[in-house]
There are 4 protein chains.
Amino acid sequence: MSKSAVLLITCPDQKGLVAAIAHFLFEHGGNILHADQHQDAELGLFLMRVEWDLAGFALDFSEIAARFDPIARRLGMKWRLASSSHRPRVAVFVSRQTHCLVDLIHRYRAGELGCEIPLIVSNHPDGRWIAESCGIPYHQVEVCSGQKEKAEARQIELLDENRIDLLVLARYMQILSPTMVARFPNRIINIHHSFLPAFSGAKPYHQAYERGVKLIGATSHYVTEILDAGPIIEQDVVRVSHRDGVQELVRKGQDLEKIVLSRAVQWHIENRILVYGQKTVVFA
Amino acid sequence: MSKSAVLLITCPDQKGLVAAIAHFLFEHGGNILHADQHQDAELGLFLMRVEWDLAGFALDFSEIAARFDPIARRLGMKWRLASSSHRPRVAVFVSRQTHCLVDLIHRYRAGELGCEIPLIVSNHPDGRWIAESCGIPYHQVEVCSGQKEKAEARQIELLDENRIDLLVLARYMQILSPTMVARFPNRIINIHHSFLPAFSGAKPYHQAYERGVKLIGATSHYVTEILDAGPIIEQDVVRVSHRDGVQELVRKGQDLEKIVLSRAVQWHIENRILVYGQKTVVFA
Amino acid sequence: MSKSAVLLITCPDQKGLVAAIAHFLFEHGGNILHADQHQDAELGLFLMRVEWDLAGFALDFSEIAARFDPIARRLGMKWRLASSSHRPRVAVFVSRQTHCLVDLIHRYRAGELGCEIPLIVSNHPDGRWIAESCGIPYHQVEVCSGQKEKAEARQIELLDENRIDLLVLARYMQILSPTMVARFPNRIINIHHSFLPAFSGAKPYHQAYERGVKLIGATSHYVTEILDAGPIIEQDVVRVSHRDGVQELVRKGQDLEKIVLSRAVQWHIENRILVYGQKTVVFA
Amino acid sequence: MSKSAVLLITCPDQKGLVAAIAHFLFEHGGNILHADQHQDAELGLFLMRVEWDLAGFALDFSEIAARFDPIARRLGMKWRLASSSHRPRVAVFVSRQTHCLVDLIHRYRAGELGCEIPLIVSNHPDGRWIAESCGIPYHQVEVCSGQKEKAEARQIELLDENRIDLLVLARYMQILSPTMVARFPNRIINIHHSFLPAFSGAKPYHQAYERGVKLIGATSHYVTEILDAGPIIEQDVVRVSHRDGVQELVRKGQDLEKIVLSRAVQWHIENRILVYGQKTVVFA
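Residues numbered from 1 in each chain as written. Chains lettered and ligands numbered in written order. Predicted model: local features only at pLDDT ≥ 70, side-chain atom pairs only at ≥ 80, totals over all residues. Heavy atoms only, no water.

(A) View of the pairing of strand 8 (residues 166-169) of chain B. All names here are of chain B. Going residue by residue along strand 8, you find L166 and V168 tucked away on one face and L167 and L169 tucked away on the opposite face as well. Judged from the four bridges that link them, strand 5 (residues 89-94) and strand 8 form a sheet pairing that is parallel. Across the sheet, the residue bridging to V90 is L166, located in strand 8. Pairing of strand 8 with strand 9 (residues 188-192) involves three bridges; the strand directions are parallel. In the strand pairing of strand 9, L169 is matched with N190. Following the backbone out of strand 8, through helix 6 (residues 178-183) and into the adjacent parallel strand 9, one traces a crossover that is right-handed. (Buried < 20%, exposed > 50% of the residue type's maximum accessible area, 1.4 Å probe, protein only. Helix = DSSP H or I, 4+ residues; strand = E, 2+ residues; numbered from the N terminus. Pairing = 2+ DSSP bridges. Right-handed = clockwise from strand over helix to strand, strands pointing away.)

(B) Seen up close, helix 5 (residues 148-161) of chain D. Residues and elements named next belong to chain D. Helix length check: helix 5 (14 residues) gives 20 Å between terminal C-alpha atoms against 20 Å at 1.5 Å per residue, within 8%. Regarding helix 5, the residues found buried are A151, E152, Q155, I156, L158 and L159. End-on, the buried residues of helix 5 take up no more than an arc of 160 degrees, which puts them together on one face. Opposite its buried face, helix 5 presents the exposed residues E149, K150 and E161, each directed more than 90 degrees away. Contacts made by the buried residues of helix 5 are with strand 5 (89-94), strand 6 (116-122), strand 7 (138-140), strand 8 (166-169) and helix 6 (178-183). Remark: R163 follows helix 5 within two positions and exhibits a positive phi of approximately 45 degrees. (Expected span 1.5 Å × (residues − 1). Arc of directions from axis to C-beta. Contact = heavy atoms within 4.5 Å.)

(C) Quick peek at the UniProt feature "active site" (unreviewed entry) in chain A. All names here are of chain A. Cross-referencing UniProt, the feature "active site" (unreviewed entry) maps to D228 in the present numbering. Inspection of the secondary structure assignment puts D228 in the loop between strand 10 (215-222) and strand 11 (232-239). Given the relative accessible area of 10%, D228 is considered buried. Among the polar contacts listed, one links the side chain of D228 to the backbone nitrogen of G201, at a separation of 2.8 Å. (UniProt positions renumbered as here; feature names shortened; annotations may be inferred. Polar contact = N/O pair within 3.5 Å; in protein donor to acceptor, adjacent residues only side chain to side chain.)

(D) Layout of the relation of the copies chain D and chain A. With an RMSD of 0.0 Å, the fit of chain D onto chain A corresponds to turning through 180 degrees and sliding 0.0 Å along the axis. Within this description, the copies of the chain are treated as partners about a two-fold rotation axis. Proximity to the rotation axis, assessed at the C-alpha, singles out S133 of chain D in chain D; its C-alpha lies 2.9 Å from the axis. Of all interface residues in chain D, 100% are interface residues in chain A too; the two copies therefore contact each other through one and the same surface. (Least-squares fit on C-alpha atoms with pLDDT ≥ 70 in both.)

(E) Examining the domain arrangement of chain A more closely. Residues and elements named next belong to chain A. Under the domain assignment used here, chain A contains domain 1 (4-83) and domain 2 (89-282). Distance from the C-alpha centre of domain 1 to the C-alpha centre of domain 2: 31 Å. With 13 residues of domain 1 at the contact, the number on the domain 2 side is seven residues. Buried surface at the junction of domain 1 and domain 2, summed over both partners, amounts to about 810 Å²; 59% is from carbon and sulfur atoms. Counting the surface domain 1 buries against domain 2, the share from its top three residues, L8, L47 and R49, is 47%. In this assembly, domain 1 and domain 2 are joined by zero salt bridges. In this structure, the connection of domain 1 to domain 2 is made through four residue pairs in polar contact (both at pLDDT 80 or more). Secondary-structure elements contributing two or more residues to the side of domain 1 that touches domain 2 are strand 1 (4-12), strand 2 (31-40), strand 3 (45-53) and strand 4 (78-83). Among the residues making up the side of domain 1 that touches domain 2, the classes are represented as eight nonpolar, two polar and three charged. (Domains from an automatic or database assignment. Buried area = accessible area lost by both parts, 1.4 Å probe. Salt bridge = Lys/Arg side-chain N within 4 Å of Asp/Glu carboxyl O. Nonpolar A, V, L, I, M, F, W, Y, C, P; charged D, E, K, R; others polar.)

(F) Quick look at the interface of chain A and chain B. Chain A puts 35 residues into the contact, and the matching count from chain B is 35 residues. Summing both partners gives a buried area of about 3,000 Å² for chain A against chain B, and 51% of it is carried by carbon and sulfur. In this structure, the connection of chain A to chain B is made through six salt bridges. Of the charged contacts, one joins D36 of chain A and R243 of chain B as a salt bridge, the two residues approaching to 2.9 Å between their closest N and O atoms. One can count 20 residue pairs in polar contact (both at pLDDT 80 or more) joining chain A with chain B. Counting only elements with at least two residues in the side of chain A that touches chain B, the list comes to strand 2, helix 7 (204-211), strand 11 and strand 13 (279-282) of chain A.

(G) Molecular detail of the interface of chain D and chain A. With 25 residues of chain D in contact, the opposing surface of chain A contributes 25 residues. Together, the buried faces of chain D and chain A total about 1,900 Å²; carbon and sulfur atoms form 47% of this surface. At the boundary of chain D with chain A, the tally comes to eight salt bridges. Across the contact surface, chain D and chain A share 10 residue pairs in polar contact (both at pLDDT 80 or more). Secondary-structure elements contributing two or more residues to the side of chain D that touches chain A are helix 3 (99-109), helix 4 (128-134) and helix 8 (246-269) of chain D.

(H) Up close: the pattern of salt bridges. Under the definition given, this model contains 87 salt bridges over all chains. Across the salt bridge formed by R107 of chain D and D255 of chain A, the nearest N and O atoms sit 2.6 Å from each other. Taken together, the residues R107 of chain D in helix 3 and D255 of chain A in helix 8 (residues 246-269) connect one chain to another. On the basis of relative accessibility, which here comes to 4%, the residue R107 of chain D falls in the buried class. Beyond isolated ion pairs, a larger network of salt bridges with shared partners links D103, R107 and E112 of chain A together with D255 and K258 of chain D.

(I) Fine view of the UniProt feature "domain: ACT" (unreviewed entry) in chain A. What UniProt calls "domain: ACT" (unreviewed entry) maps, in this numbering, to residues 6-86 of chain A. Between the end C-alpha atoms of residues 6-86 of chain A the distance is 11 Å, and the span holds 32% helix and 40% strand.

(J) Representation of the sheet that holds strand 7 (residues 138-140) of chain B within the structure. All names here are of chain B. Overall, mixed pairing links the seven strands, which are arranged 7-6-5-8-9-10-11 in an open sheet. The open sheet terminates on both sides in strands that have one partner only, identified here as strand 7 and strand 11 (232-239). Across the sheet, the mean angle separating the axes of adjacent strands is 15 degrees when strand polarity is ignored. Taken together, the seven bridges between strand 10 (residues 215-222) and strand 11 define a ladder with antiparallel strand orientation. Across the sheet, the residue bridging to I216 is V238, located in strand 11. (Axes fitted to C-alpha atoms, helices over the stretch in contact; angles between N-to-C directions.)

(K) Representation of the sheet that holds strand 6 of chain D in the model. Residues and elements named next belong to chain D. Strands sit in the order 7-6-5-8-9-10-11 across an open sheet of seven strands; the sheet is mixed. Only two strands of the sheet have a single partner each, and these edge strands are strand 7 and strand 11 (232-239). Averaged over all neighbouring strand pairs, the angle between strand axes comes to 15 degrees, with direction disregarded. Examined bridge by bridge, strand 6 and strand 7 share three bridges and lie parallel to one another. Across the sheet, residue V121 finds its bridge partner in strand 7, namely H139.

(L) Main features of the pairing of strand 2 (residues 31-40) of chain C. Residue and element names in this part refer to chain C. Of all 10 residues in strand 2, eight are buried, a share of seventy percent or more. Judged from the nine bridges that link them, strand 2 and strand 3 (residues 45-53) form a sheet pairing that is antiparallel. Bridge assignment links I32 to a residue of strand 3, and that residue is W52. Between strand 2 and strand 3, which follow one another and run antiparallel, lie four residues, and G44 among them has a positive phi close to 65 degrees.

Printed below as a string of structure tokens:
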């Protein structure tokens, strides 16, 4: 597969946006592979993702930004350029439940995820076996009561050493500090085991059981300072009945969690997500 | 189709329950058509629905209760007996949006619902055409600001005159008074246009749009004194995306509402729902 | 809502397509409302739907085609131009089961469908009540054994008189002749009551019951000469179990049929469907 | 969790069945934990699953069969007795795609599956890493063209040595011989990567792509002599669009395959499946 480039653009909606972007690509011989756009009429906002073939494109990838910049300035764009050959560096955080970790690792090994996973961080030893079976370093950083700061200092050290681009909380059962969150704006993906905004906070399956819902869900979202309130990336649900106790809800939910988290990670890696306000646009 | 009888039973879980019930039916020549049971281990509760053929049954339907009563007393049962040939009398309440009403009426006409619908009550004229096309009386009871009591008095008069067993709120956008709710315990079914407990209260589609969820839902539930907190009967969801504005959410949601409400009404009519605590068991 | 125009384009994939189209719109002051495109890499095909505001557009709607034609010729496009204010004329064909008809009529009355429905045609009287409640002429054209040609001649007469653009087979249980099909290429939408290609032909719910499937489906598709093999527009499924006899499959399936058919009709009316080969692209 | 026993019963429907079974359990002090039954009215068949607590039960597990036998004979039952503490021995067969294998192994390690997995058999080396990470013997038995008999002889040797109860084909891409199938009646579970009966045979995702379906599915079923025609245990689907090429169908489908296969395996292990004719009843 040849290399491609992706432009992600957000700007005030106005006439001529598509023409300007398409013309820029065409004049340098770009063959558009995928293009998707969205207007938020209420906010007067235009969002676009365009991906084109770098084979036959007149500009080097390294030149594109400088050449596109004047257009972007003229039209008031916030934009980001990415290369399909760039593999972001992902750290996976996990606690005792390893189903999401194992799922991600298998996808990674199978070549489904276009990223590097240079390390796994956990406050428990449970995921070590799968990490070791793949030769990925597994760092056990315990989070002792009242000493979260110390643990986080070590985590940040590890993330810095490994030049991490994206943090995936694959059922990591600790709340990150605002400092940590601020270091990775829209670059921490969490899986919450309920259909948010229902059942935010602790023990959502217990809450769902108590309420007697007929469907349970899972939600992947970017982490912000406010617990379980960040922009939602993906959600899914599965049917349950009175026959399902809390244990069955947990089991059924875990199958959702794996899928809902892995979709979010994949879309992030493939530069398919644009965040605006408290929402996402996913050009999937 | 021959007539059948249904027993709905709730009691403390204990040995010999099924044996006692099955023996009672067998000794009078009953052929069980369907039986379903559930144990709530946490609460030590046993719930059962059993339906049997009245053809060849040694007891007249009118005798069954008296004969079953001693068994029920001995085992501490709360129970209810129903005949499949009994058609409960249902009143449908509706406001301006008539999609649920039209859906129910069509099912009623097509013979899907084993009930009578002797009247429709509305605070608006919008549903009159469909009522009239079927010859069902349509009572427009306006609910003027500050005069809800007066309107409810008229509604209760209508319900009494028509000996109503079940009230269906098919997008009726008024909150019933505690008095009204108390007259029909577990016999008022409402459709709420969100996946409860997310987005309870007013304008749930607007709330869902603001939050940026990726699925929207609908919930049918029994009405209790606490708004949108009654026992959930059925829920379903449909996928949405950033492409869907509030209007599209409303449209997609309406298709859910029709299905989720009609399932609840049908199950109620067929005596398939047992309420315990804040939950339902649906033997569907 | 102001008027908008839609261009639907199919052509060989090549560089500069988007630039050419976007430039054409921009130079005449067009504000793009929605744009969606698809490349079929295997076939080297480019498909696009672009919708723009006619308010502020420099060309009259009647002038657009002539002005766009040179671009289309140069790039080898097959294309179609539509105005959002044009309401296509739709004939609904139905037999004895009226659930899809009632559903379409309610959406039509509620203003959901941007079309006219000047007539309903049926080989049975069952749908007359709903037609009459809305004042839509209901033509009962009986299809006697061995006299299908005669019936079809009458149907074509009715369709011609009413200048019909789209034929919707809302559970019309007769097979149309090749002549009839040829008169409305990609303009006859049928609802088949199974998940095609499983269970094509007669009595699909019976077939599904015999096979013991755990989900049943419905499929809306354009009608071609080959039975149940036309391009699929939409499909959906619902879960069933051993508890569901054929009657329950029919009931559950009918809820699917209504939704799956109405989506297809709406997308067609909104010019969201492009057919290529035996498939559709739906820009929904 | 205390031990429980399960009775699975199939017999001609007749009065007194439930009474006889419930009485048998009650007279020996059995506390029913779960009971589920089904009547196939068309075939006049009664199917039941009843699970009861062995704590407090007057009979030893080893005595139950002899005591129940007279009742079973009298009522013409085919029946099977199982203990919840019995862990069936499962062999997993896999080829190059390991997603289902990894999924099963993780569930096994997490304690979700009440079975033993004493060996994995493959015609390829791809799954060796996950087997080794858990210490499960991995037998690579190559299936050379024209020498399938030789491979199968070796496989049967392995299955016999390991006293295997259940064979799980976790994307094993070889067709088993009738001899092999006959050795494990209703004890070989396969995952087929389509919504059967659509797209049986080879390359179902390619078939689905060609046909332009809007949903793809997966089906787990018991293996019989006729390819892809055995009794269906579970099915599920996921939505796809024109944006999804064959590769995306494969990816999306793999997530289904894992879930649909693991549900079938779990239900089989928990003695929840009754086969009759070409269908299953799943008491889930």
